[in-house]
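Structure at a glance
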Amino acid sequence: MKRIDLHVHTTASDGTFSPAEAVVHAKLRRLSAIAVTDHDTPAGIPEALEAGAAMGLEVIPGIEVSVDYRGKGIHILGYFIDPSAASLRHLLNWVVAERRRRNEEICAAMRADGIAIRLEELDGGDPESVIGRPHFASWLVSHGWASDVNDAFRRFLNRDQRYYRRRSYIPLRQGMDVIRDAGGKPVMAHPLQYRYPEEELLTLVRTLTDAGAVGMECLYSQYDAEQSAYLRSLAADFGLAVTGGSDFHGARKPIEMGIPDVPYELLQKLKEL
Ligand code: AMP
Ligand code: ZN
Ligand code: FE
Ligand code: FE
């Protein structure tokens, strides 16, 4: 069976593998295709496409954005985007500026407590990387303040923890529209991450479907067979295509690329929509 992974992060955002390294890793994992889905940036796409062409791996240009739903950031994957689309670039410039504002607040709060962090230390050598809380988490680990990334979130960075600072998210409708304007297909990422009770999850899925979502990430590294089956039935109820991916972040998270098994035919169906 040809297998794929439609959810991969690189050093363009909070992954630790460069786009080319992610492609090499996908070949080692014997995958037939990956989608590069960095948070709020298409910057890793050209390098991944080039490496994919050189190594014989299909690379889908993608992105993952956070849209505002009742004050929460809901993750939307956009597949087959044109990375140069003007409206997308414009919106992402705003997102990155808003992240920077938030990141400076986090830095200031840590420094006020004697944690000698500087924003410039977080980008892993690429000043264009989109910086998020996972970068802060890695820094806290490497400087002895936390034992691992999860511990850093639990003690410092999660909502209700001392260094959590809110950032504004893209208005939901606008996020969906901009992905579609860029030729992308919007897909709801990891629907069970938000821990909504069933009724509220249904309301969210209805809202996203009405706003233009065409798919749902039913296969995901953190979901067991029962959860995947439940999500598949939800997707069927709402007429959404089934997608899947690992949410690979390299060394930043204990998640391997290509887990769970996602058959190539799901990508084929997504293309045909
Ligand atoms: P940000 O968008 O910068 O506020 O950071 C949010 C990101 O942090 C999400 O994309 C999650 O993948 C990641 N995240 C949230 N909680 C955890 C956790 N406990 N461990 C690792 N990553 C996390
Ligand atoms: Zn991430
Ligand atoms: Fe996500
Ligand atoms: Fe992700």
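Refer to the structure above for everything that follows.
Only a predicted model underlies this, so the values are computations on that prediction, with no experimental measurement involved.

Calculation criteria
- Along each chain, residue indices are assigned from 1 in the same order as the chain's sequence is written.
- In the order they appear in the text, chains get letters beginning with A and ligands get numbers beginning with 1.
- Residue-level local features of this predicted model are given only where pLDDT is at least 70; pairs of side-chain atoms are given and counted only at 80 or more, and the full residue set underlies all totals for whole chains, interfaces and linings.
- Just so you know, side-chain values use all the structure's heavy atoms and leave hydrogens and water out.
- Here a helix means four or more residues in a row that DSSP labels H or I, a strand means two or more in a row labelled E, and each is numbered from the N terminus.
- In this scheme, a residue with accessible area under 20% of its type's maximum is buried, one over 50% is exposed, and one in between is partly exposed, where area comes from a 1.4 Å probe on protein chains only.
- Here the rule is simple: two strands pair whenever DSSP picks up at least two bridges between them.
- A crossover counts as right-handed when, viewed with the strands pointing away from the observer, the path leading from the first strand over the helix to the second turns clockwise.
- Cavity: a set of points on a 1 Å grid over the protein atoms alone where a 1.4 Å probe fits but cannot get out. Pocket: an open set with protein on both sides within 12 Å along at least five of seven lines, its lining residues, like those of a cavity, having an atom within 4 Å of a point.
- Grid points are joined across faces, edges and corners, and a volume is the space filled by probe spheres set on the points.
- Residue polarity follows a fixed list, in which Ala, Val, Leu, Ile, Met, Phe, Trp, Tyr, Cys and Pro are nonpolar, Asp, Glu, Lys and Arg are charged, and the others, Gly among them, are polar.
- Nitrogen, oxygen and sulfur within 2.8 Å of a metal are treated as its donors, or within 3.2 Å for sodium, potassium and calcium (Na, K, Ca); water is not counted, so a site can appear incomplete.
- Only four donors with every angle between 85 and 135 degrees are called tetrahedral; only four or six donors with opposite donors over 155 degrees apart and all others between 65 and 115 are called square planar or octahedral, in that order; all others are irregular.

1. Some remarks on unusual backbone geometry
For the peptide bond that leads from Ile259 to Pro260, omega is 5°, which places it in the cis range. Here Pro260 lies in the loop between strand 8 (241-245) and helix 9 (264-272). Phi angles above zero are rare outside glycine, and Arg195 is one such case at about 55°. A relative accessible area of 74% places Arg195 in the exposed class. One non-glycine residue, Asp247, adopts positive backbone phi at about 75°. Of note, Asp247 is situated in the loop between strand 8 and helix 9. Taking the relative accessible area as the measure of exposure, Asp247 reaches 5% and is therefore buried.

2. A word on the pairing of strand 6 (residues 185-188)
Each regular strand shows side chains that alternate between the opposite faces of the sheet. Judged by which residues are buried, strand 6 turns out to be covered on both faces: Lys185 and Val187 on one side and Pro186 and Met188 on the other are all buried. Of the pairings in the sheet, the one linking strand 4 (residues 72-79) to strand 6 comprises four bridges and is antiparallel in character. Bridging across to strand 6, Leu77 finds its partner in Val187. In the sheet, strand 6 pairs with strand 7 (residues 215-220) via two bridges, with the strands oriented parallel. Considered in strand 7, the bridge of Met188 is made with Met216. Taken together, strand 6, helix 7 (residues 198-210) and strand 7 form a β-α-β motif whose crossover is right-handed.

3. Here's the deal with the pairing of strand 4
Judged by how many residues are buried, strand 4 sits mostly within the fold: seven of eight residues are covered. In the sheet, strand 3 (residues 58-69) pairs with strand 4 via eight bridges, with the strands oriented antiparallel. What sits directly across from Tyr69, in strand 4, is Lys72. From the end of strand 3 to the start of strand 4, which pair antiparallel, there are two residues, and Arg70 there has a positive phi angle of about 55°.

4. Notes on the layout of surface pockets
Put simply, the largest pocket is a space of about 1,500 Å³. Forming the walls of the largest pocket are 42 residues, and the residues nearest its centre are His75, Arg133, Phe153, Gln193 and Lys253. Put simply, the parts of the chain that give the lining of the largest pocket at least two residues each are strand 3, strand 4, helix 3 (86-112), helix 4 (133-142), helix 5 (149-157) and helix 8 (225-238). Partitioned by chemical class, the residues of the lining of the largest pocket number 14 nonpolar, 14 polar and 14 charged. Size it by volume and the second largest pocket reaches roughly 500 Å³. Contributing to the lining of the second largest pocket are 20 residues, with Val96, Pro127, Glu128, Ser129 and Val130 lying nearest its centre. Partitioned by chemical class, the residues of the lining of the second largest pocket number nine nonpolar, four polar and seven charged.

5. A closer look at the coordination of the zinc ion (ligand 2)
The coordination sphere of the zinc ion (ligand 2) contains the protein donors Asp14 (OD), Asp14 (OD), His39 (NE2) and His249 (NE2), at a distance range of 1.9 to 2.6 Å. Relative to the metal, the four donor atoms surrounding the zinc ion (ligand 2) lie at angles of 52 to 146°, and the coordination shape comes out irregular. Between the donor residues of the zinc ion (ligand 2), the gaps in sequence give the motif D-x24-H-x209-H. In this structure, the zinc ion (ligand 2) lies 5.9 Å from the iron ion (ligand 3). Of this pair, Asp14 sits in the loop between strand 1 (4-8) and helix 1 (19-28) while His249 sits in the loop between strand 8 and helix 9, placing them 235 residues apart in sequence. Neither residue differs from the other here; Asp14 and His249 are each classed as buried.

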